[in-house]
Amino acid sequence: MGEFFFNIDHGYLEALIRGFKGGILTQSDYANLVQCETLEDLKLHIQSTDYGNFLANEPGAITVGVIDERLKEKLVTEFTHLRNNALEPLATFLDYITYAYMIDNIVLLITGTLHQRPIAELISKCHPLGSFEQMEAIHIASTPAELYNAVLVDTPLANYFVDCINEQDLDEMNVEIIRNTLYKAYIEDFYKFCENLGGKTAEVMCEILAFEADRRAIIITINSFDTELSKDDREKLYPRCGKLYPEGLVGLARADDYEQVKQVCEWYGDYKALFEGTGPNPGDKTLEDKFFEHEVKLNVHSYLHQFHFGVFYAFIKLKEQEMRNVIWIAECISQRHRSKIDNYIPIL
Amino acid sequence: MDDSPPSSAEHRMIFRSEEMSLAQLYIQSDSAYNCVAELGELGLFQFRDLNPDVSSFQRKYVKEVRRCDEMERKLRFLETEIRKDYVPMLEARDDCPVPVPKEMMDLELTFDKLEAELRDVIRNEDTLKKNVNELTELKHVLRKAQLFFEENHDDQTAEATLIPLDISRDATAELSLLMQLNFVMGVIRRERFPAFERLLWRVCRGNVLIRQAELEDPGQCQITGETISNTVFIIFFQGDLLKLKIKKICEGFTATLYPCPNTAQERREMSIGVLTRIEDLKTVLGQTQDHRHRVLVSASKNVQLWLKKVRKMKAVYHSLNLFNLDGTQRCLVAEGWCPTDDLDKIRLALIRGTEASGSQVPSILHVVDAAENPPTYHKSNKYTKGFQNIVDSYGMASYREINPAPYTMITFPFLFAVMFGDMGHGLVMLMAGLFFIFTTFFNGRYVILLMGLFSIYTGFIYNDVFSKSMNILSSSAWKNSYSQRFLREHLTVEGQDRPYMLVPERAYNNLRGPYPYGVDPVWNLAETNKLSFLNSMKMKVSVILGVAQMAFGLLLSLYNHRYFKSDLDINFMFIPQALFLGCIFVYLCVQIIAKWVLFTAEPGYIFGIEYPGANCAPSLLIGLINMFMQKPRPSGFDTPACYLNFWYPGQSFIESLFLSIAICCVPVMLLAKPYLLWREDRLRRQRNQSNLSVRVDIHQEDVEVIHAEELPPGSKANHTSHGHASSGPFDLGDVMVYQAIHTIEFVLGCVSHTASYLRLWALSLAHAQLSEVLWTMVFRHAFAFDGYTGAVLTYVLFFVFFFLSVGILVLMEGLSAFLHALRLHWVEFQSKFYGGHGYPFTPFRFRSVLEEAQKDDDQS
């Protein structure tokens, strides 16, 4: 039934987002970008795309940092417009998207504070989509409990944080655990939220979020080898809304090396293919890139359906990927490291 | 243009687009810039991109383009600063000269200096402002601090509030020394204060005392210049650990902390010091701002001119980037489209450009054969432009195809007026058109003018002024056939008016003839059957106009086929189509006119058959249906349903003949052309098989077999005609489907388009009825009163009537009639002949470049 009245509330924004999506850089744009010799060339070419004159008013030589900043600024402007015009439940849905960035920002700030960096410098590195009022006061906290009580209790992340409260100090290991616990709680919550929305949104978003959950589980497992993270602790960090749940996660929890992870994933058709093309050789793609490619594919596919919120999520994710690509290319150009310039993830 | 060669006179017709040539320009690289600049001023040459594979940043003049970009950025920066200070800018004319390349350096230097100076000033100003702001805040902080402490003094000092009451006074003094409270003061953005307060409370576990006060005069944000309201706060706390935490939180919330002495005396001294510093800073700030203003004023005189110059320069380099380098690097090659008639002008421009650059070697223009279709270029003036736009928005005409715009110029306002016909409303529209012509450059002003004129004309024919008729030539043949005595006795029956009919046989004087023009005003008196008369007339007129326009469109297709020398299309498309339209619809129109001419109210003889009276006039609609059904009917008028009978001798034969011709035309339209194309293709292929030749390339060691394409003379015409018969391999299926679509479209179209023209009648009826309603329901009420009441009421109701007339009848009805006229032209008329597969000619023109840049500026 939701589809019948979808356009009354969300038709404008869906039209807008589909228009935005049409502006995503194409294969031929990338083909031109990688030929650039300098960042000035890049600027010139990017003017002919949907980005338009977003770099035109920059005085002096442009740097990768400036490009990154402007790219983010553009995304944030677009997102803010969407958010300001959104009605429930889309508004909540869009808020959920920002939570992921909030988690990243919190972790970034805590890690930065651990390394005694000045807060102003850290704030500038935070993703603007995930900024919140109390963010800048994070560095007063020295234990997770303090962090929760002082800072996070007012934010929407408070519910996710309940699992992390213990009296240990904040060290690097703990920060990673906090990040993953938060993420796990966030993904599971988001998954539940989408399921409750029902309809096409649930269909599309659950697919994407399930993949996200599984990807995190696999990456956590692979990264935990040769660290002091115990298997029990590791298992607690796995988001339980993916396709790997429950059998796959049990398998992952027991895994001791990369080969065993691979074996577990081979039971699943989608993930088997991802593992197959990867390898340590220079020509092969990394597993991470494969995951990104798969994510892009899922996101692009969400545009094949109408009347659902998945397109909003997919747009942000695709745009994020595009920004990563542009930054990658820009870095390669500015560092004169052209051999790897083709390692961007094209958006189909 | 007497000096143009006579051969080109034929090309100058407005009925087809301009003849275009593909020209190659060989220009010395020294003089290229000047030549392109001249061409840009001329605006008649459309450059083709000769390096489509080279990406934008690898082209030859990319460095110059980038420098121009940089200059533009600086100028935009200057412009925004000037706008910020509300300094008026001097507008520059569009025809400022293009700067020569040497000038670029000077311009760059000037802009550099200006920008650096301005940035310097702005930076100084910003730091000064920041200092002033901080000092002002400090001033307020100090003042508030005084207030806080005085307040607290009243309730026995701040310290006392924290001390348990049961301790004696002596102990109090002692304790107060021990528990020396610290405090910090600062300023924070008001909207952040609640969160700030909450966090402080939570982190310090309630061991702080916070007081706050609004800052009266809002500060200004450094970056955006928006006003922000601030809050002064003072936090009392105890111990160093808390101090550290509080400082961190303040830092996190970007609150500014200010030092504040402990005693009132020190505070007073400090605040005096602050005040003097503020005064000093303000003087300096004023001087800086004056300086800034002077810089901006001096720049404002030239900014627009510079901007135009730089944009022109950039456009020239952009065009130069489309050029190809000759092998020797000395010469640039450009290729592009231009109107054949204006080749001389372009040559002249090139000569001017070469002279301006001082180069010795002349530039060469060389016309080459084009493989692709040239762009379509209709020369238009301010009068034809509106109509050309109407046609172009449906689709750009194919190259050298008949341009419907000249015909549209008359038929469009005419068909509009058929629907809108009313002299009064037409006059309002005419006024609006004249107003637009004399005041604005609105493109459609002449369209509106003509629509107004034609509406007055059709209103004259309909005899309609705000739904009233005018009896100018009182020569009506109608007279009252009832005697005065009869009317006196019988007009009122039981107090009610009784309508009487004017029976044509008695009331119509055949000798005086009909009213000299248009609708007889006497119909305005006929309350009951005015509509039936007008409906019948307008419906028939609509059909006649519609069929006429469609037949005219079909005739234009003949001219297209003849121009493209396609006998195939003439014989197997145009002729069957014309026969089909003629045998059914033109025949219908002929019948309509015959009925008007021959059948009157009086009995008489028609084609020698006795005709009893109006009730036997043939019903044409049912007659048309019967023609299709081939229903046997008696002839003559002596049966009861005499209006269904054949009414002229040989009608049965003629109708069967017409019907069979029309039906035979359909398979011809459908099959003949695909079959002939297919046969031609087969013949060509057979011929080609005997025409193989082999070319051996010695350098590349490869051999290729060449099909010597001997194009038959008519085939090129096929390409250009309507975009079908593609140059690829012949595909019978495609051609069949295409032809089937066309045939179905035409056959069904004839029926539905004829019906579609009935909208002329429908809208005209609606318009007339609406204006009558407005008259009778609104304005006429005023006439029911006499004396002053009547005068006042007339005065008031006139405004109501007039605004409703303009709002509903002229604007809304006008819009709807406009849209219907548009549809009749786009669909019903143009579908008969118009291909619309062309692409527009977009010459390199400074004027349009500048306009576009201006539009971009206005948007952002």
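Residues numbered from 1 in each chain as written. Chains lettered and ligands numbered in written order. Predicted model: local features only at pLDDT ≥ 70, side-chain atom pairs only at ≥ 80, totals over all residues. Heavy atoms only, no water.

**Regarding the overall build of chain B**
Threshold: Here a helix means four or more residues in a row that DSSP labels H or I, a strand means two or more in a row labelled E, and each is numbered from the N terminus. The criterion used for residue contact is that any of the two residues' heavy atoms lie within 4.5 Å. All accessible-area figures derive from a Shrake-Rupley calculation using a 1.4 Å probe, and residue coverage is judged against the displayed protein chains alone.
Secondary structure summary: chain B contains 25 helices and 17 strands in total. The long-range share in chain B, meaning contacts at least 24 apart out of those at least 6 apart in sequence, stands at 80%. Here chain B has roughly 46,700 Å² of accessible surface; of this, 60% comes from carbon and sulfur atoms.

**Regarding the overall build of chain A**
The following threshold applies: Exposed residues in this analysis have more than 50% of their type's maximum accessible area, buried residues have under 20%, and partly exposed residues fall in between, with area computed by a 1.4 Å probe over protein chains only.
If you tally the helices and strands in chain A, you get 16 helices and zero strands. Along the three orthogonal principal directions, the C-alpha set of chain A runs to about 55 × 50 × 45 Å. Put simply, chain A has 348 residues, and 54% of those count as buried. If you take every contact in chain A between residues at least 6 apart in sequence, the share linking residues at least 24 apart comes to 64%. Just so you have it, chain A exposes about 15,500 Å², and 50% of that area is on carbon and sulfur atoms.

**Comments concerning empty space enclosed by the protein**
Residues and elements named next belong to chain B. Here is the rule we go by: As defined here, a cavity is a set of points on a 1 Å grid over the protein atoms alone where a 1.4 Å probe fits but cannot get out. A pocket is an open set with protein on both sides within 12 Å along at least five of seven lines, and residues line them when an atom is within 4 Å of a point. Grid points are joined across faces, edges and corners, and a volume is the space filled by probe spheres set on the points. For this classification, the nonpolar set comprises Ala, Val, Leu, Ile, Met, Phe, Trp, Tyr, Cys and Pro, the charged set comprises Asp, Glu, Lys and Arg, and every other residue, Gly included, is treated as polar.
For the structure on display, the rule yields three cavities of 30 Å³ or more. As for the largest cavity, its lining consists of 13 residues, of which S619, G623, R633, W647 and Q651 are closest to the centre. Residue assignment for the lining of the largest cavity shows that the elements contributing at least two residues are α19 (620-629) and α20 (651-689). For the lining of the largest cavity, the residue count by class is five nonpolar, six polar and two charged.

**So, the side chain of A:E295**
Residues and elements named next belong to chain A. Mapped onto the fold, E295 is located in helix α15 (residues 287-301). Given a relative accessible area of 6%, E295 falls into the buried group. With sequence-adjacent residues up to four places away left out, E295 is seen in contact with F211, E212, R215 and K317.

**Section: the state of the cysteines**
Note the threshold: In this description, a disulfide is simply a cysteine sulfur pair whose atoms lie within 2.5 Å.
All told, the structure shown has one disulfide over all chains when counted by the stated rule. Each sulfur in the disulfide pair B:C616 and B:C642 lies 1.8 Å from the other. Note on the B:C616 and B:C642 pair: the S-S dihedral is about -95 degrees, so by sign convention the disulfide is left-handed. With B:C616 in the loop between β15 (609-611) and α19 and B:C642 in the loop between α19 and α20, this pair connects stretches of sequence that are 26 residues apart. Residue B:C616 shares its accessibility class with B:C642, and that shared class is buried. Residue A:C194 stays outside any disulfide, its sulfur separated by 5.9 Å from that of A:C206, the closest cysteine.

**A closer look at the nonpolar core**
To keep it simple, the criterion reads: To qualify as a nonpolar core, a set must consist of buried Ala, Val, Leu, Ile, Met, Phe, Trp, Tyr and Cys residues joined through side-chain atoms within 4.5 Å.
In terms of nonpolar packing, the biggest core is built from 150 residues, with A:I67, A:F93, A:Y186, A:F190, A:F312, B:F196 and B:I235 touching the most fellow members. Among the elements that line this core, the one with the most residues is helix α5 (residues 90-114) of chain A, at 15 residues. A:F93 has contacts with A:F190, A:F193, A:C194, A:L197, A:T201, A:M205, A:F309, A:G310, A:F312 and A:Y313, leaving out every residue within four places of it along the chain. B:V391, B:M451, B:F454 and B:Y757 belong to the second largest nonpolar core, which has 69 residues in total.

**Focus on the UniProt feature "transmembrane region" (unreviewed entry) in chain B**
Residues and elements named next belong to chain B. Put simply, the test is: UniProt positions are given in the numbering used here, feature names are shortened, and annotations may be inferred rather than shown by experiment.
UniProt feature "transmembrane region" (unreviewed entry): in the numbering of this structure it lies at residues 414-438, 444-462, 541-559, 579-599, 657-678 and 795-822. Secondary structure within residues 414-438 divides into 92% helix and 0% strand; the distance between the first and last C-alpha atoms comes to 23 Å. Helix makes up 100% of residues 657-678 and strand 0%, with an end-to-end C-alpha separation of 32 Å.

**Observations concerning the confidence of the model for chain B**
All names here are of chain B. Going by this rule: A residue's pLDDT is the predictor's confidence in that residue, given on a scale from 0 to 100.
In the predicted model, chain B carries a mean pLDDT of 82, and the fraction of residues at 70 or more is 89%. Considering each helix and strand of chain B separately, the mean pLDDT is smallest for helix α21 (residues 715-722), with a value of 40, and largest for helix α12 (residues 405-420), with 94. A low-confidence stretch, residues 1-11 stays under pLDDT 50, and its non-local contacts, those more than four residues away or across chains, total six contacts. Taken together, the chains of this predicted complex give a pTM of 0.73 and an interface ipTM of 0.74.

**So, the interface of chain A and chain B**
Size of an interface: often given as the accessible area lost when the parts come together. For clarity, the cut-off: Reported buried area values correspond to the accessible surface (1.4 Å probe) lost by two parts on association, with both partners' losses combined. Counted as salt bridges are all cases of a side-chain nitrogen of Lys or Arg within 4 Å of a carboxyl oxygen of Asp or Glu. Counting of polar contacts relies on pairs of N or O atoms within 3.5 Å, with two restrictions inside protein: one atom must be capable of donating a hydrogen and the other of accepting it, and residues adjacent in sequence are counted only when both atoms are side-chain atoms.
Listed per partner, the contact involves 26 residues of chain A and 25 residues of chain B. A combined buried area of about 2,200 Å² lies between chain A and chain B, and 51% of that area is made up of carbon and sulfur atoms. It is A:L44, A:E133 and A:I140 that lose the most area in chain A upon contact with chain B, and together they represent 26% of the buried surface on that side. Our count for the chain A to chain B interface comes out at one salt bridge. Across the pair B:R66 and A:D41 runs a salt bridge whose closest N-O atoms are separated by 2.3 Å. Where chain A meets chain B, there are one residue pair in polar contact (both at pLDDT 80 or more). Secondary-structure elements contributing two or more residues to the side of chain A that touches chain B are α3 (39-47) and α7 (144-151) of chain A. In terms of residue class, the side of chain A that touches chain B is built from ten nonpolar, nine polar and seven charged.

**Looking at helix α9 (residues 303-320) of chain B**
What sets the pattern is the α-helix's 3.6 residues per turn: residues three or four places apart point alike. Spelled out, the test is: Residue count minus one, scaled by 1.5 Å, sets the expected span of a helix.
Between its terminal C-alpha atoms α9(B) stretches 26 Å, which fits the 26 Å expected from 18 residues at 1.5 Å a residue. α9(B) sits mainly inside the fold: 16 of its 18 residues count as buried.

**With respect to the packing of helix α10 (residues 199-224) of chain A against α15(A)**
Residue and element names in this part refer to chain A. Definition in use: Orientation is described by lines fitted to C-alpha atoms, with helices fitted over the stretch in contact, and by angles between N-to-C directions that extend from 0 to 180 degrees. Reported orientations rely on four angle classes, namely roughly parallel under 35 degrees, roughly antiparallel over 145, roughly perpendicular from 65 to 115, and oblique for the rest.
Contact geometry for α10 and α15: axes closest at 10 Å, N-to-C directions at 175 degrees. The angle between α10 and α15 places the two elements in the roughly antiparallel class. Judged by residue contacts, E207, I208, F211, E212, R215, I218, I219 and I222 of α10 engage L287, F291, F292, H294, E295, L298 and N299 from α15.

**With respect to the UniProt feature "coiled-coil region" (unreviewed entry) in chain B**
UniProt records the feature "coiled-coil region" (unreviewed entry) at residues 61-138 of chain B, using the numbering of this structure. The annotated region residues 61-138 of chain B carries 76% helix and 0% strand content, and the separation between its end C-alpha atoms amounts to 56 Å.

**Quick word on helix α23 (residues 759-777) of chain B**
Residues and elements named next belong to chain B. As a reminder of what qualifies: What the arc measures is the spread of directions leading from the helix axis to the C-beta atoms.
Between its first and last C-alpha atoms α23 spans 26 Å; for 19 residues at 1.5 Å apiece the expected length is 27 Å, and the two agree. By the burial criterion, the buried members of α23 are R759, L760, L763, S764, H767, A768, S771, L774 and W775. Taken down its axis, α23 places every buried residue within 160 degrees of arc, on the same side. Looking at the buried residues of α23, the elements they touch are α12, α13 (423-439), α14 (445-462), α17 (530-563), α22 (732-756) and α24 (787-829).

**Some words on the environment of B:V368**
Residue and element names in this part refer to chain B. Tracing the chain through its elements places V368 in strand β11 (residues 364-368). Here the alpha-carbon distance between V368 and A23, two residues 345 residues apart in the chain, equals 5.8 Å. In this structure V368 touches L22 and Q24, once residues within four positions along its chain are discounted.

**Some details on the packing of α5(A) against helix α9 (residues 172-197) of chain A**
How two helices sit against one another is set out by the angle between their axes and by the gap between those axes. All names here are of chain A. At their nearest, the axes of α5 and α9 sit 10 Å apart, and the two run at 180 degrees to each other. In terms of axis orientation, α5 runs roughly antiparallel to α9. Listed contacts from α9 to T92, F93, Y96, I97, Y99, A100, I103, D104, V107, I110, T111 and L114 of α5 are E172, V175, R179, L182, Y183, Y186, D189, F190, F193, C194 and L197. Its residues placed into classes, the contact of α5 with α9 shows 17 nonpolar, two polar and four charged.

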